[in-house]
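Listed below, chain by chain, are the residues.
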Amino acid sequence: MQPADRKTGSGFRASATVFCVILSFMLSSIPVSAGGKLDYTVTEVTPYTVYTTDRLNVRTGPSERWRVLLTLKDGTPIKVTGTVSEGWLQITTDGIPEGYVSGDYVSKTAPSGKPAEEMNETEKADKKKAEEEKAEKEKAEKEKAEKEQAEKEKAEKEQAEKEKAEKEKAEKEQAEKEKAEKEKAEKGKAEKEQAEKEQAEKEQAEKEQAEKEQAEKEQAEKEKAEKEKAEKEKAGAEKEMPAEPISAADHEHVYRESITREPTCSQVGEEILTCEICGATRTGIIPRKEHTPGSWEVVREATMTKEGLRFQNCSVCGRTLASAEIPAHTGRLILLITGLCAAGILICVLLIRRAGKTG
Ligand SMILES: [Zn+2]
Ligand SMILES: [Zn+2]
């Protein structure tokens, strides 16, 4: 303070007030912990209103060492913004953005005759602020929960799609494997049938060869016997007109058939042919009968993805005469896939609508 200022009276008070305001601004902008001079700590509190119970000095710091900024009248409302140790309070009041008072000369109770509305308004403001903070907090939590839910649903969807793809792949591989096994089995069967057929033909040929040789042998013996008989008769006969010997060269054999074994569909038949003129015999072969086709038998049922298989066997000998594929039920598969797609689209639409409502 300069001595010249004291002379000016009310002008001095006004300029002192302005100076104090400027000074308090400057002080409030200095950090409390900065420098060894400001050796106190302010604990901030939610602002609340108190009333002075006596004339009270507002100082620049929290002890009587600090300079007095203003002296308040008894009953003046001031707002507490923080607490300092040893009962001092950081306050703000009309014209003083930041100052310090002793907590011994204030009261939360409004003095008599003073309307308590101010306090109520402060409390109302505090309450409103608390409610707003609470609402903001709840909103943030809700948004967070919704975000987490969305992420979870997305992860589940991706997992489901992955599992589906793997399943389809496995089914496809299974189908290919079964097809390969089927082709292998059919090939093996065909080779086996071919081998059996060749074996049967070989046996048949050998049998025919043996029968032919037997027949030729019998024929030769018979002809020899007849020849000897004829010579004997010729020698024994002294008639002038000897009977003409019957030789095979003089006529065409006229055979009479005598079946010795009936033919079936799996085996040829046999017959002995005897000439009615000369009595010569030979063995004949009766061709095999046709197979009797039985009803078709399903060996493997057709499914939605795989063809079935059926066989037709001979009803007499049981030999397989024909095989055919049964077409897969692709119509049912298409119907099923279409149904699944429709359900998927419906679910997607519902999810999008729901997301639109909540968002
Ligand atoms: Zn003959
Ligand atoms: Zn047969």
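What counts, and at which threshold
Residues numbered from 1 in each chain as written. Chains lettered and ligands numbered in written order. Predicted model: local features only at pLDDT ≥ 70, side-chain atom pairs only at ≥ 80, totals over all residues. pLDDT = per-residue confidence, 0-100. Contact = placed C-beta atoms within 7 Å. Pairing = 2+ DSSP bridges. Helix = DSSP H or I, 4+ residues; strand = E, 2+ residues; numbered from the N terminus. Axes fitted to C-alpha atoms, helices over the stretch in contact; angles between N-to-C directions.

## Notes on the confidence of the model for the protein chain
So, step 1. Residues with a pLDDT of 70 or more make up 83% of the protein chain, whose mean pLDDT is 84.
So, step 2. Confidence over residues 29-36 falls short of pLDDT 50; this stretch has five contacts with residues more than four positions distant or in other chains.
So, step 3. Segment residues 238-243 is flagged for pLDDT under 50; beyond a separation of four residues in sequence, or across chains, it makes two contacts in the model.

## Here's the deal with the sheet that holds strand β9 (residues 269-275)
So, step 1. Strand order across the open sheet formed by three strands is β8-β9-β10, with antiparallel pairing between neighbours. What marks the edges here is a single partner per strand, and that holds for β8 (255-261) and β10 (281-286). Geometrically, the sheet is characterised by an average inter-axis angle of 30° between neighbouring strands, direction not taken into account.
So, step 2. The sheet contact formed by β9 and β10 spans six bridges and is antiparallel. Bridge pairing in β10 places Ile272 opposite Thr283.

## Side note on the sheet that holds strand β13 (residues 320-326)
So, step 1. Ordered in space as β11-β12-β13, the three strands form an open sheet in which the pairing is antiparallel. Sheet topology places β11 (293-300) and β13 at the edges, where each strand pairs with a single neighbour. Between one strand axis and the next, the sheet turns through 25° on average, direction left out of account.
So, step 2. In the sheet, β11 pairs with strand β12 (residues 308-314) via five bridges, with the strands oriented antiparallel. Following the sheet pairing, Val298 is matched in β12 by Arg310.

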